[in-house]
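# Structural overview
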Amino acid sequence: MQISNWISDNYIEIFGAITGIIYVFLEIRQSIWLWPVGIVTSAVYILVFFTSKFYADMSLQGYYLVISGMGWYWWVKGAGRRAGGTGLRAQDAGRNDVGEEESGRKGDFETGDRKPETEEKTGLFVRRLKRKTGLILAAVFVFLYTGIWLVLTKLTDSPVPEWDSFITSLSIIATWMLARKKYEHWYLWIIVNFVSAVLFAIRGLYPTVVLYLVYGIMSFVGLTAWKKTIVIDIKGSET
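The notes below deal with the structure included here. Since this is a predicted model, take the numbers as computed values, not measurements.

## Quick word on the pattern of salt bridges
Any two side chains of opposite charge can pair, so long as their charged atoms come close to each other. The full count for this structure, using the stated rule, is one salt bridge. Residue Glu184 pairs with Arg128 through a salt bridge whose shortest N-O separation is 3.4 Å. With Glu184 in the loop between α8 (161-179) and α9 (185-202) and Arg128 in the loop between α6 (98-105) and α7 (131-155), this residue pair connects regions lying 56 residues apart in the sequence. Assessed through its relative accessible area of 18%, Glu184 is described here as buried.

Quick look at the structure:
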């Protein structure tokens, strides 16, 4: 009877946890459906985090709603790709020598049943993060962390403003990287997910704790799965 009462009292959070797990599964699969599922999950967790006084995380869900729409568009249209862009899949890069590139094959995938990138009409490819972009994102993280921490400390009754700010800031960066299909975003999610699990356990959000532990485990799976599909640019990639 207690279990049924607990489920009745926490059904919204449980629903959000289930859609969140589906979201990460779709993310690993690079399925475009991750974005509409993410929109639903974010809407649910706006309410969950508001009632739990995780105000920064609640605001983060609003950001997720916006970036989900942008990510949906970028993944479909391949926004940011250069016209006639060049690139090789990671597993093909070692088999493509310089002579072949200079003889007119530059910009094509080496061999196999995968079409050259110039023949791919739509979609965004998985690419590694450029060092310059990484430095910019690091600076953005420091700016976001400082600003969110000040707001939470002075204007809210958040019980953990430092960690709430850390999770929120890192999640903002990771979500942008996901929307741009940057491989390294999985490393950020690993950190965010396990730190979040500890914080939510302290606040008694046990379905969400399970969700973030599953997130953390699935982040390692995603790290491995996405590595196989990385496109290595010859001339350079988009931001």
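Moving on, there is more to tell.
## Looking at the nonpolar core
Counting 50 residues, the largest nonpolar core has Leu34, Trp35, Trp75, Leu178, Phe200, Tyr212 and Trp226 as the members making the most contacts within it. Secondary-structure elements contributing two or more residues to this core are α2 (11-28), α3 (34-51), α4 (55-77), α7, α8, α9 and α10 (206-227). Contact partners of Leu34, with chain neighbours within four places excluded, come to Tyr23, Leu26, Glu27, Trp75 and Leu178.

## Focus on the packing of α8 against α9
Where α8 contacts α9, the two axes come as close as 9 Å, and the packing angle between them is 150°. As the angle between them shows, α8 and α9 are arranged roughly antiparallel. In this structure, the crossing between α8 and α9 has a hand that is left-handed. Within the contact between the two elements, α8 uses Trp163, Asp164, Phe166, Ile167, Leu170, Ser171, Ile173, Ala174, Thr175, Met177 and Leu178 and α9 uses His185, Leu188, Trp189, Ile191, Val192, Val195, Ser196 and Leu199. For the contact of α8 with α9, a count of residues per class yields 14 nonpolar, four polar and one charged.

## Digging into a nonpolar patch on the surface
Taken together, the side chains of Phe194, Leu213, Ile217 and Phe220 define a hydrophobic patch exposed on the protein surface, amounting to about 370 Å² of accessible area. Per element, the largest residue contribution to the nonpolar patch is three residues, and it comes from α10. With respect to the helices and strands, Phe194 occurs in helix α9. Look at Phe194 and you get partly exposed, because its relative accessible area is 33%.

## With respect to the environment of Trp33
Within the secondary structure, Trp33 sits in the loop between α2 and α3. For the pair Trp33 and Ile22, spaced 11 residues apart in the sequence, the C-alpha separation amounts to 9.8 Å.

Calculation notes
Residues numbered from 1 in each chain as written. Predicted model: local features only at pLDDT ≥ 70, side-chain atom pairs only at ≥ 80, totals over all residues. Heavy atoms only, no water. Salt bridge = Lys/Arg side-chain N within 4 Å of Asp/Glu carboxyl O. Helix = DSSP H or I, 4+ residues; strand = E, 2+ residues; numbered from the N terminus. Buried < 20%, exposed > 50% of the residue type's maximum accessible area, 1.4 Å probe, protein only. Core = buried A, V, L, I, M, F, W, Y, C linked by side-chain atoms within 4.5 Å. Contact = heavy atoms within 4.5 Å. Axes fitted to C-alpha atoms, helices over the stretch in contact; angles between N-to-C directions. Parallel < 35°, antiparallel > 145°, perpendicular 65-115°, else oblique. Left-handed = near helix turned anticlockwise from the far one by under 90°. Nonpolar A, V, L, I, M, F, W, Y, C, P; charged D, E, K, R; others polar. Patch = residues over 30% accessible without salt bridge, like charges linked within 9 Å, V, L, I, M, F, W, Y side chains within 5 Å. Areas by Shrake-Rupley, 256 points an atom, 1.4 Å probe, with all protein chains shown as cover.

These figures capture arrangement, not role.
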